[in-house]
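The chain contents come next:
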Amino acid sequence: MSDVNEGRYRILGGPGSPYSLKLRAALRYRRIPHNWIVPPGYLGEGGELKAADKGMIPVLQLPDGRYWADSTPMILALETRHPGVRSLLPDDPTDRFLALLIEDFADEWLMLPLFDFRWDAEIDQDFCSRRQMAGWLGAMPTSDFEAVIERFRERQTGVLARMGDRETNRPLLRSTYPEVLAAIEAQLEVSRFLFGGRPSIGDIGLFGQLSQMAIDPSASAIMRRQAVRAFQWVQDLDDASGIEGEWRAPGQPPGPGVERLLTLIGEVYLPFLAANALAIRNDEPTVSVTLRGMPMKARANRYKANCIGWLKLALAEAQAAGAGDLERILRRHGCWEALQLAPGEAEAIPELSPESTSRRTGFN
């Protein structure tokens, strides 16, 4: 492929994929040359994704021809390949860890209400399936298009049904979405982004999920009604290549939006991750936990068990780098205990690498 010889990256992504839009936003902000490609054959047996041996999008092809997968390790690996170029990692080790924590929350929790909204009401199923397939397939006779839409709807709703008890989980999941919007609205009263005048990996993680919730009918109606500034914030982050700004001064308390997100993470997300990790260690097929007085029941997920391990390692690294106030902040929000490494645990946590990890949730 000629692009490989031109020194450009190639993002293989798709419409409706929050992680694809997240990765593209990261490269756009960092001004890393790339091409955006919706690969043909995604729903079939062939195509470049099959040749790359990657089952999920987004996939990133490097200028040397190698393929990477999984948005978080890809973004972190690009920090190493392109150091000091509009980094998404705050200089301050406290803010850097908090940004990583918020990004993980967005990837692994906020996607749950996103997909519950997307594949619940008829208006959402109909619009989202048509919108995504139109983006994947382009020109096509209507009869063929309708047949593809129906197969896609069945696939997506089937995957979601296997992930957990939707009726049981819905009140909790949907209660957290407006909280995220309110947090962004609160942060916009003091700064354009979570950690100053430039986006962090935490902002980019939130953008990925919210980029879709700003479009999907039911979730979009909530955002447009309750959080107009957050809606525009999402539009701004789609292409932040022209945004210039600085990180906030170190040693300051977190902004109001960050505080709200940390409260949500401490009360809901980390207890869920901890319960899931325990289920994985005990070889249990499901995780069942009560959060804020509401039930949550889902299939135990090994990737999410790895996520809490990677967060624990990141916290230890931040403390070693001098994040002296991080313990106080995390304790205040109920986040500290769940992020402590047990004896010998660090050695058992797999490497976070774009060449060795995969989300394997069935969604993109």
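Above this text sits the structure in question.
Anyway, here's the lowdown on the structure attached to this text. (Residues numbered from 1 in each chain as written. Predicted model: local features only at pLDDT ≥ 70, side-chain atom pairs only at ≥ 80, totals over all residues. Heavy atoms only, no water.)

Looking only at helices and strands, the protein chain features 15 helices and six strands. Taking 2.2 N^0.38 as the reference for a compact globule, 364 residues should give roughly 21 Å; the C-alpha atoms of the protein chain span a radius of gyration of 20 Å, in line with that estimate. C-alpha extents for the protein chain along the principal axes are approximately 60 × 50 × 45 Å. Counting the 364 residues in the protein chain, one finds 58% classified as buried. For the protein chain, long-range pairs separated by at least 24 residues make up 76% of all intrachain contacts whose partners lie at least 6 apart in sequence. For the protein chain, the exposed area adds up to about 14,800 Å²; of that, 51% sits on carbon and sulfur atoms. In the protein chain, 42 side chains carry a positive charge and 48 a negative one; their mean positions are 1 Å apart. (Helix = DSSP H or I, 4+ residues; strand = E, 2+ residues; numbered from the N terminus. Rg over C-alpha atoms; globule rule 2.2 N^0.38 Å. Buried < 20%, exposed > 50% of the residue type's maximum accessible area, 1.4 Å probe, protein only. Contact = heavy atoms within 4.5 Å. Areas by Shrake-Rupley, 256 points an atom, 1.4 Å probe, with all protein chains shown as cover. Lys, Arg positive; Asp, Glu negative; His and termini not counted. Charge placed at Lys NZ, Arg CZ, Asp CG, Glu CD.)

This part covers the packing of aromatic side chains. Enumeration over the complete set of coordinates arrives at six aromatic pairs. Plain terms: the ring middles of Trp119 and Phe152 are 5.7 Å apart, the flat faces sit at 80 degrees to each other, and that makes the pair edge-to-face. Of this pair, Trp119 sits in the loop between helix 5 (93-118) and helix 6 (122-137) while Phe152 is found in helix 7 (residues 142-163), placing the two residues 33 residues apart along the sequence. Given the relative accessible area of 3%, Phe152 is considered buried. With centroids separated by 6.4 Å and ring planes inclined at 50 degrees, the aromatic side chains of Phe193 and Trp233 adopt a geometry described as tilted. A residue pair is termed long-range when its members are at least 10 positions apart, and Phe193 in the loop between helix 8 (166-187) and helix 9 (201-213) and Trp233 in helix 11 (residues 228-238) qualify at 40 residues. The same class applies to Phe193 and to Trp233, which are both buried. In this arrangement the basic side chain of Arg24 is found over the ring face of Trp36, its NZ or CZ atom lying 4.4 Å from the centre. (Phe/Tyr/Trp six-rings, centres within 6.5 Å; stacked < 30°, edge-to-face > 60°. Lys NZ or Arg CZ within 6 Å of the ring centre and 35° of its normal.)

Once rolled over the atoms, a probe with the size of a water molecule shows which space is left empty. Empty space within the largest pocket amounts to approximately 560 Å³. In this structure, the largest pocket is lined by 24 residues; those nearest its centre are Leu76, Leu100, Trp310, Ala314 and Leu352. Secondary structure elements with two or more residues in the lining of the largest pocket: helix 4 (71-81), helix 5 and helix 13 (302-320). Grouping the constituent residues of the lining of the largest pocket by class yields 15 nonpolar, one polar and eight charged. When its volume is computed, the second largest pocket comes out at roughly 360 Å³. Along its surface, the second largest pocket is lined by 18 residues, and Ala277, Arg281, Ala305, Ile308 and Glu345 are the ones closest to its centre. Going through the elements one at a time, helix 12 (256-281), helix 13 and helix 15 (345-348) are the ones with two or more residues in the lining of the second largest pocket. A total of six residues in the lining of the second largest pocket trace back to one element, the largest contributor, which is helix 13. For the lining of the second largest pocket, the per-class residue count stands at ten nonpolar, three polar and five charged. (1 Å grid on protein atoms, 1.4 Å probe; cavity = no way out; pocket = protein on both sides within 12 Å on 5 of 7 lines; lining within 4 Å. Points joined across faces, edges and corners; volume = space filled by probe spheres on them. Nonpolar A, V, L, I, M, F, W, Y, C, P; charged D, E, K, R; others polar.)

Quick look at the packing of helix 8 against helix 12 now. Between helix 8 and helix 12, the shortest axis-to-axis distance is 7 Å and the interhelical angle comes to 160 degrees. One finds that helix 8 runs roughly antiparallel with respect to helix 12. When you trace helix 8 past helix 12, the crossing you get is left-handed. Contacts from Leu172, Thr176, Glu179, Val180, Ala182, Ala183, Ala186 and Gln187 of helix 8 reach helix 12 at Pro256, Gly257, Val258, Arg260, Leu261, Leu264 and Val268. Grouping the constituent residues of the contact of helix 8 with helix 12 by class yields ten nonpolar, three polar and two charged. (Axes fitted to C-alpha atoms, helices over the stretch in contact; angles between N-to-C directions. Parallel < 35°, antiparallel > 145°, perpendicular 65-115°, else oblique. Left-handed = near helix turned anticlockwise from the far one by under 90°.)

So, about helix 7. Spanning 22 residues, helix 7 covers 32 Å between terminal C-alpha atoms, matching the ideal 32 Å at 1.5 Å per step. All buried positions along helix 7 are accounted for by Phe145, Val148, Ile149, Phe152, Arg153, Gln156, Val159, Leu160 and Met163. For helix 7, the angular spread of buried residues about the axis comes to 140 degrees, placing them on one side. Opposite its buried face, helix 7 presents the exposed residues Ser143, Arg151, Glu154, Ala161 and Arg162, each directed more than 90 degrees away. The secondary structure elements touched by the buried residues of helix 7 are helix 5, helix 6, helix 8 and strand 6 (294-299). (Expected span 1.5 Å × (residues − 1). Arc of directions from axis to C-beta.)

Below, the discussion takes up the pattern of salt bridges. Taken as a whole and judged by the stated rule, the model has 31 salt bridges. With a closest N to O distance of 2.6 Å, Asp107 and Lys22 form a salt bridge. Here the residue Asp107 occupies a position in helix 5, and Lys22 occupies one in helix 2 (residues 18-30), the gap between them amounting to 85 residues. Residues Asp107 and Lys22 agree in their burial class; the two are buried. A salt bridge links Lys304 to Glu108; the shortest N-O distance between them is 3.1 Å. In this pair, Lys304 sits in helix 13 while Glu108 sits in helix 5, placing the two residues 196 residues apart along the sequence. We classify Glu108 as buried; its relative accessible area is 2%. Each member of the salt-bridge network shares a partner with another, and the members are Asp116, Asp120, Arg166, Glu167, Arg170 and Arg174. (Salt bridge = Lys/Arg side-chain N within 4 Å of Asp/Glu carboxyl O.)

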